[in-house]
Amino acid sequence: MAQAPGVIPSQGIARMIAEGSITGAAPPTPDQIQPASLDLRLGDTAWRVRASFLPGPRALLSERLDDFAMHRIDLGPGAVLEKGCVYLVPLGEGLDLPAGVCAVANAKSSTGRLDLFTRLITDRGTEFDRIEPGYRGPLYAEISPRSFSVLVRPGMRLNQIRFRRGSALLDDEALRALDARERLVDGTAHVAGGLAFSVDLRPREGSLVGYRAKPHTGLIDLDRIGHYDPAEYWEPVAARDGRIILDPGAFYILVSRESVHVPPDYAAEMAPYLAMVGEFRVHYAGFFDPGFGHALAGGSGSRGVLEVRCHEAPFALEHGQIVGRLVYEHMAERPEILYGQGLGSNYQGQGLKLSKHFRAP
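Residues numbered from 1 in each chain as written. Predicted model: local features only at pLDDT ≥ 70, side-chain atom pairs only at ≥ 80, totals over all residues. Heavy atoms only, no water.

With that settled, consider the nonpolar core. Within the largest apolar cluster, 50 residues are counted, with the highest numbers of intra-cluster contacts made by Leu38, Leu95, Ile161, Phe163, Ile220, Leu222 and Trp234. Residue contacts for Leu222: discarding those within four places in its chain leaves Leu114, Leu116, Val150, Leu151, Val152, Met156, Leu158 and His357. The next biggest cluster of nonpolar side chains, apart from the first, holds 34 residues, and it includes Leu195, Val260, Tyr328 and Tyr339. (Core = buried A, V, L, I, M, F, W, Y, C linked by side-chain atoms within 4.5 Å. Buried < 20%, exposed > 50% of the residue type's maximum accessible area, 1.4 Å probe, protein only. Contact = heavy atoms within 4.5 Å.)

Written as structure tokens, this is what we have:
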């Protein structure tokens, strides 16, 4: 029987593990499996490299490593990845994909909210975070802490991978029809190349609209949940007349004006950067799982947290300004688990929220 096209759900990922399409010295554990993705584990070793690089179409990554490696780091006892440096870490998972299955990777939500830039690399890779159909080989994470130095250990999960069979993307006509049936946002849906979302700079209460990372802070141990005082790492950002000025090089946590809904038979991904809306990048962690903001999974629409870095010039950001788009895809079948439904999901029903490592402000 032909398998349905679409994003492969949790139970399909479990089948891929059982069939050997997802490999590794130790099989992935059940709690790595998310509704439409698999969390990836750091291995035991890291290399500090002098520059980010891709192997290119004819080379294994290991064959290029000598060109860039500066020193090897044992992650076993815990190791500090320093702000402003680039590291390469072999992951605990590898792939032996069927010919019709490709994959895409992205940082996990908490990774992005720490401004911990993380990308996936494969052997013979020509793009970050993209895995060709039928790929067979190891996986590597490039990690570059941008705002905070972090303490990592083997087995930590900084990025995730989503598998796809065939074509799954909804065009604008299909997306409008889905919104008419399921109401994807809590206001008027603006659909053009995906579902547009805007920034909230007029909060219903108070004046706090976001946070800006402080330039000189302490270390963050990624195993410590709800541990750190936000005031030691973040400056509160208040808007004046619904406007803030983004400083070049600064990293901000903001929130979308819209509450977003991803129905159980669909998955969504946030476009990371749109040059036409301004000189900044929005949202390093782009996966939205089936059930995000869905009533049956404990949500009633969830606002998207925006991880924003301004680039070359100061930029005036206005309330309601469109800053990105969500693209929706069909699931190959409905996941047996949904985001927020018994998964201990940290961000269901969220508003403006820092990563799980910080105490509530």
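Overall, the prediction assigns the protein a mean pLDDT of 90, with 91% of residues at 70 or greater. Below pLDDT 50 for its whole length, residues 343-349 participates in 31 contacts with residues either more than four positions away or in separate chains. (pLDDT = per-residue confidence, 0-100.)

Right, let's talk about the pairing of strand E19 (residues 251-260) for a bit. Among the 10 residues that make up E19, nine are buried, leaving the element largely enclosed by the rest of the structure. Examined bridge by bridge, strand E15 (residues 208-213) and E19 share two bridges and lie antiparallel to one another. When the bridges of E19 are listed, Tyr211 appears paired with Ile253. Looking at chain direction, E19 and strand E23 (residues 302-310) are connected through seven bridges and run antiparallel. Its bridge partner lying in E23, Val260 is registered against Ser302. (Helix = DSSP H or I, 4+ residues; strand = E, 2+ residues; numbered from the N terminus. Pairing = 2+ DSSP bridges.)

Here we take up the side chain of Asn159. Tracing the chain through its elements places Asn159 in strand E13 (residues 157-165). Classification of Asn159 by relative accessible area gives buried; the value is 1%.

By the element assignment, Glu232 lies in the loop between strand E16 (220-221) and strand E17 (234-238). Considered as a pair, Glu232 and His216 are 16 residues apart in the sequence and their alpha carbons are 9.3 Å apart. Those residues in contact with Glu232 that sit more than four places away from it in its chain are Lys214 and Thr217.

Side-chain pairs of opposite charge can arise where the charged atoms are in close proximity. Considering all chains together, one arrives at 17 salt bridges under this definition. Residues Arg153 and Asp221 are paired through a salt bridge, measuring 2.9 Å at the closest nitrogen-oxygen approach. Of this pair, Arg153 sits in the loop between strand E12 (150-152) and E13 while Asp221 sits in strand E16, and the two are 68 residues apart along the sequence. Its relative accessible area of 24% is what places Arg153 among the partly exposed residues. Glu258 is the partner of Arg257 in a salt bridge, and the nearest nitrogen-oxygen pair spans 3.9 Å. Each of Arg153, Asp221 and Asp223 takes part in salt bridges that share partners, so that together they form one network. (Salt bridge = Lys/Arg side-chain N within 4 Å of Asp/Glu carboxyl O.)

Turning our attention to the environment of Asp241. Mapping Asp241 onto the fold places it in the loop between E17 and strand E18 (243-246). Judged by its relative accessible area of 57%, Asp241 is exposed. Each C-alpha atom of the pair Asp241 and Glu318 lies 8.8 Å from the other, and the pair is 77 residues apart in sequence.

Pairing is mixed in the open sheet, where three strands are placed in the order E6-E12-E16. Both outer strands of the open sheet, strand E6 (79-81) and E16, are each paired with one neighbouring strand and no more. When E12 meets E16, the two strands line up parallel, connected through two bridges. The partner of Leu151 across the bridge, within E16, is Asp221.

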